[in-house]
Amino acid sequence: MPAATARLEARISFDLHATLKRAAELQGRTMTDFVVSAVQEAAQRAIEQAEVVRLSLADQECFAQALLQPPEPLSAVAALLPPG
């Protein structure tokens, strides 16, 4: 059974159309295949940039230390915690 599909339309300048067509031809692909692939890659990068937190090595070490040896809670906060 073929995968369900949706249609996407966009108005672009003649110059951009020519650029996309030329790029697709250079890669031996259809313009649709080229555009879909490029859009998919851009979408994946955008999602990754929004969802993945990247830390420097120093920040990674600081985070790990905070997890392994958390600071003692402040007395005002400790008073709100259940005993134990």
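Preceding this paragraph is the structure being described.
Since the model is a prediction, treat every value here as computed from it, not as a measurement.

(A) Representation of the environment of Leu81 in the model. One can find Leu81 in the segment after helix H4 (75-80). Taking the relative accessible area as the measure of exposure, Leu81 reaches 45% and is therefore partly exposed. When the C-alpha positions of Leu81 and Arg45 are compared, they lie 42 Å apart, and in sequence the two are 36 residues distant.

(B) Structural detail: a nonpolar patch on the surface. A cluster of nonpolar side chains, contributed by Val53, Leu55, Phe63, Leu67 and Leu68, occupies part of the molecular surface with about 570 Å² of accessible area. As for its placement among the helices and strands, Leu55 is situated in the loop between helix H2 (31-51) and helix H3 (57-68).

(C) Looking closely at H3. With 12 residues, H3 ought to run about 16 Å at 1.5 Å a step, and its terminal C-alpha atoms sit 16 Å apart, in line with that. Of all 12 residues that make up H3, 0 are buried, and the element is exposed over most of its length.

Reading the values: rules and limits
Residues numbered from 1 in each chain as written. Predicted model: local features only at pLDDT ≥ 70, side-chain atom pairs only at ≥ 80, totals over all residues. Heavy atoms only, no water. Helix = DSSP H or I, 4+ residues; strand = E, 2+ residues; numbered from the N terminus. Buried < 20%, exposed > 50% of the residue type's maximum accessible area, 1.4 Å probe, protein only. Patch = residues over 30% accessible without salt bridge, like charges linked within 9 Å, V, L, I, M, F, W, Y side chains within 5 Å. Areas by Shrake-Rupley, 256 points an atom, 1.4 Å probe, with all protein chains shown as cover. Salt bridge = Lys/Arg side-chain N within 4 Å of Asp/Glu carboxyl O. Expected span 1.5 Å × (residues − 1).

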